[in-house]
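Survey of secondary and tertiary structure
Residues per chain are reported as follows:
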Amino acid sequence: MSCSFDLEHYAEILEAARAGGYRFAHFGDDPERCDLFLRHDIDLSLEAALAMAELETELGVRATYLLMTESVFYNLASVEGVSAISRLRELGHAVGLHAVHPNVVLDERFDPVVSWHNPRPEYMSEEIPSAVNAYSERYFSPETYRSDSNQHWRAGCPHEELRAGAVPWLQILIHPAIWVYPGTTMGQTMRSLVESEKKRRLIQLAEDGIVLD
Ligand SMILES: [Zn+2]
Ligand SMILES: [Zn+2]
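Our subject in this report is the structure included herewith. This one's a predicted model, so the numbers in the text were calculated from it and none came from an experiment.

Observations concerning the coordination of the zinc ion (ligand 1)
Coordination of the zinc ion (ligand 1) by the protein is provided by Cys 3 (SG), His 9 (NE2), Cys 157 (SG) and His 159 (ND1), with metal-donor distances spanning 2.0 to 2.3 Å. Here the zinc ion (ligand 1) binds four donor atoms, and the angle range of 103 to 114° at the metal identifies the geometry as tetrahedral. For the zinc ion (ligand 1), the donor residues sit on a single chain with the sequence spacing C-x5-H-x147-C-x1-H. Of the two residues examined, Cys 157 and His 159, each falls in the buried class.

Thoughts on the packing of aromatic side chains
By the definition in use, this model includes twelve aromatic pairs. Considering the side-chain rings of Phe 37 and Tyr 139, the 5.1 Å spacing of their centres and the 70° angle between planes classify their relative orientation as edge-to-face. Of this pair, Phe 37 sits in strand β2 (residues 35–42) while Tyr 139 sits in the loop between β6 (132–133) and β7 (145–147); the two residues are 102 residues apart in sequence, bridging distant segments of the chain. Exposure remark for Tyr 139: the relative accessible area of 0% places this residue in the buried category. When the ring of Trp 116 is compared with that of Tyr 123, the centres are 5.6 Å apart and the planes differ by 80°; the resulting orientation is edge-to-face. Accessibility expressed as a relative area gives 11% for Tyr 123, which makes it buried.

Things to note about the coordination of the zinc ion (ligand 2)
Here the zinc ion (ligand 2) is held by the protein donor atoms Asp 43 (OD), His 98 (NE2) and His 117 (ND1), which lie 2.0 to 2.2 Å from it. Judged by relative accessible area, His 117 falls into the partly exposed class, the value being 24%.

Points about the side chain of Ser 115
Turning to its location among the elements, Ser 115 is positioned in strand β5 (residues 113–116). A distance of 2.8 Å separates polar atoms of two side chains, one belonging to Ser 115 and the other to His 98. In contact with Ser 115, not counting residues within four places along its chain, are Arg 39, Asp 41, Leu 66, Leu 97, His 98, Ala 99, Ala 134 and Tyr 135.

Reading the values: the criteria
Residues numbered from 1 in each chain as written. Chains lettered and ligands numbered in written order. Predicted model: local features only at pLDDT ≥ 70, side-chain atom pairs only at ≥ 80, totals over all residues. Heavy atoms only, no water. Donors = N, O, S within 2.8 Å, 3.2 Å for Na, K, Ca; no water. Tetrahedral: all angles 85-135°; square planar, octahedral: opposite > 155°, others 65-115°. Buried < 20%, exposed > 50% of the residue type's maximum accessible area, 1.4 Å probe, protein only. Phe/Tyr/Trp six-rings, centres within 6.5 Å; stacked < 30°, edge-to-face > 60°. Helix = DSSP H or I, 4+ residues; strand = E, 2+ residues; numbered from the N terminus. Polar contact = N/O pair within 3.5 Å; in protein donor to acceptor, adjacent residues only side chain to side chain. Contact = heavy atoms within 4.5 Å.

The values are spatial; any link to function lies outside them.
Laid out in structure tokens, this is it:
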């Protein structure tokens, strides 16, 4: 099995988790043996989030998508943003807020779950009034946390330890864009994302009545 950052291997990781006896849990519940908290921080692309969400639902997997209201890459208040949230809900996933510290405005779009975008250690794990902080001590410790940041697993790709049931429970942070767009390095993958955005922007311009001749 090659541990590439693509949807094929992502599906293998999910299958490995199932084979290891893990079940998909919700932030808000106390971690119990065999719980897997599958978290997606959406920094870059709603399109990638939706592609991953569709695959998960096909595989019977429920995840938590944390979306930004202050992203420079997408607008959650746009038609596209509104329809992305409703599709994520239809697919059965939880939707929380990926917040820029200290701004936590949880309106009716969000479940009371928050993860910080690029957090600093001094506030990262602090309790958040009226919301679950995915980085709180209850959910976040080096032994029970794995992240795919910049296509680099610090402790190695988790598929083997999942298949073996080697950790009592786990929170896994997966950024959909780095799995959905093609590329064998982070740089290539990000360039694929930019190319795809370029096409999307041209379509949006035409739809907005802008002449592109
Ligand atoms: Zn792997
Ligand atoms: Zn982020």
